[in-house]
Amino acid sequence: RKEVEQDPGPFNVPEGATVAFNCTYSNSASQSFFWYRQDCRKEPKLLMSVYSSGNEDGRFTAQLNRASQYISLLIRDSKLSDSATYLCVGGGGNKLTFGTGTQLKVEL
Amino acid sequence: GAGVSQTPSNKVTEKGKYVELRCDPISGHTALYWYRQSLGQGPEFLIYFQGTGAADDSGLPNDRFFAVRPEGSVSTLKIQRTERGDSAVYLCASSPRGASGGLGTDTQYFGPGTRLTVL
């Protein structure tokens, strides 16, 4: 079983839709959690950190449930430019553990 | 300011050859990481440097892989006797402090990667 698991998708949604991604992690020692965005043939870029209290950055909302070892990302009013792969990431000490990524395609 | 840079951007080599991949971290970042990303997968941790020393090399797949960071800045990932299975994108990342004593993982900034193809 992978340490961080997420649905690879693709999720094909119309522009303006709300889309939610989920991931689960198995290492209860993980201390930090993130969502990274990766465009095709580019490096991963930090989208946002994830906290138990939930955090919002514009159209993006992230949530962590430590009891269920579950992380979510909600994108509201999706734009064409949101099309990318979203990587769920757990951090423990010095290294990041990435999921395989969920591919999002926003269409007209 | 300048981000993490990696050279070369692409490297094609033949099975059995030796390759070196270079990473220039963000200036002032003490922590440096190497990851490997295969097609359709997320990046996988290889090694972490805090300053000049390799603080965690648990992700190196075998003894053909070695990395150095002699002056605490630029790092080189070295792969001996390359195999076709080594083909992947090798990503370097840096962060200001690295592991922060139990307070969680510092934000890591990634370079564009080196795409290694072993024929």
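Refer to the preceding data block for the structure.
Thresholds, definitions, all that
- Residues numbered from 1 in each chain as written.
- Chains lettered and ligands numbered in written order.
- Predicted model: local features only at pLDDT ≥ 70, side-chain atom pairs only at ≥ 80, totals over all residues.
- Heavy atoms only, no water.
- Helix = DSSP H or I, 4+ residues; strand = E, 2+ residues; numbered from the N terminus.
- Rg over C-alpha atoms; globule rule 2.2 N^0.38 Å.
- Buried < 20%, exposed > 50% of the residue type's maximum accessible area, 1.4 Å probe, protein only.
- Contact = heavy atoms within 4.5 Å.
- Areas by Shrake-Rupley, 256 points an atom, 1.4 Å probe, with all protein chains shown as cover.
- Lys, Arg positive; Asp, Glu negative; His and termini not counted.
- Charge placed at Lys NZ, Arg CZ, Asp CG, Glu CD.
- Phe/Tyr/Trp six-rings, centres within 6.5 Å; stacked < 30°, edge-to-face > 60°.

Q: What is the right way to read the overall build of chain A from this model?
A: Broken down by element type, chain A carries 0 helices and 11 strands. For chain A, the sequential pattern of α-helices and β-strands runs β-β-β-β-β-β-β-β-β-β-β. Since a compact globule built from 108 residues should have a radius of gyration of about 13 Å, the 13 Å found for chain A is in line with a globular shape. Considering only C-alpha atoms, chain A reaches an extent of 40 × 30 × 20 Å along its principal axes. For chain A, the residues scored as buried account for 44% of the 108 residues in total. If you take every contact in chain A between residues at least 6 apart in sequence, the share linking residues at least 24 apart comes to 55%. On chain A, roughly 5200 Å² of surface is accessible, and the fraction owed to carbon and sulfur atoms is 47%. In chain A, 12 side chains carry a positive charge and 11 a negative one; their mean positions are 5 Å apart.

Q: Explain the packing of aromatic side chains to me, please; I cannot follow it from the model alone.
A: To describe a pair of aromatic rings, one takes the distance between the centres and the angle between the planes. Within the structure shown, the criterion is met by 12 aromatic pairs over all chains. For the pair Tyr35(B) and Phe45(B), a centre-to-centre distance of 6.0 Å together with 75° between the ring planes defines the contact as edge-to-face. Placement of Tyr35(B) in strand E4 (residues 31-37) and of Phe45(B) in strand E5 (residues 44-50) is noted, with a sequence separation of 10 residues between them. Each member of the pair, Tyr35(B) as well as Phe45(B), carries the same accessibility label: buried. Note on Tyr35(B) and Phe110(B): the rings are 5.4 Å apart at their centroids and 50° apart in plane angle, and the pair reads as tilted. In this pair, Tyr35(B) is assigned in strand E4 and Phe110(B) in strand E10 (residues 109-110), connecting sequence segments 75 residues apart. Looking at Tyr35(B), the relative accessible area reads 0%, which means it is buried. Ring pairing ties together the aromatic residues Phe34(A), Tyr36(A), Phe98(A), Tyr33(B), Tyr35(B), Phe45(B), Tyr48(B) and Phe110(B), which thus form one cluster.

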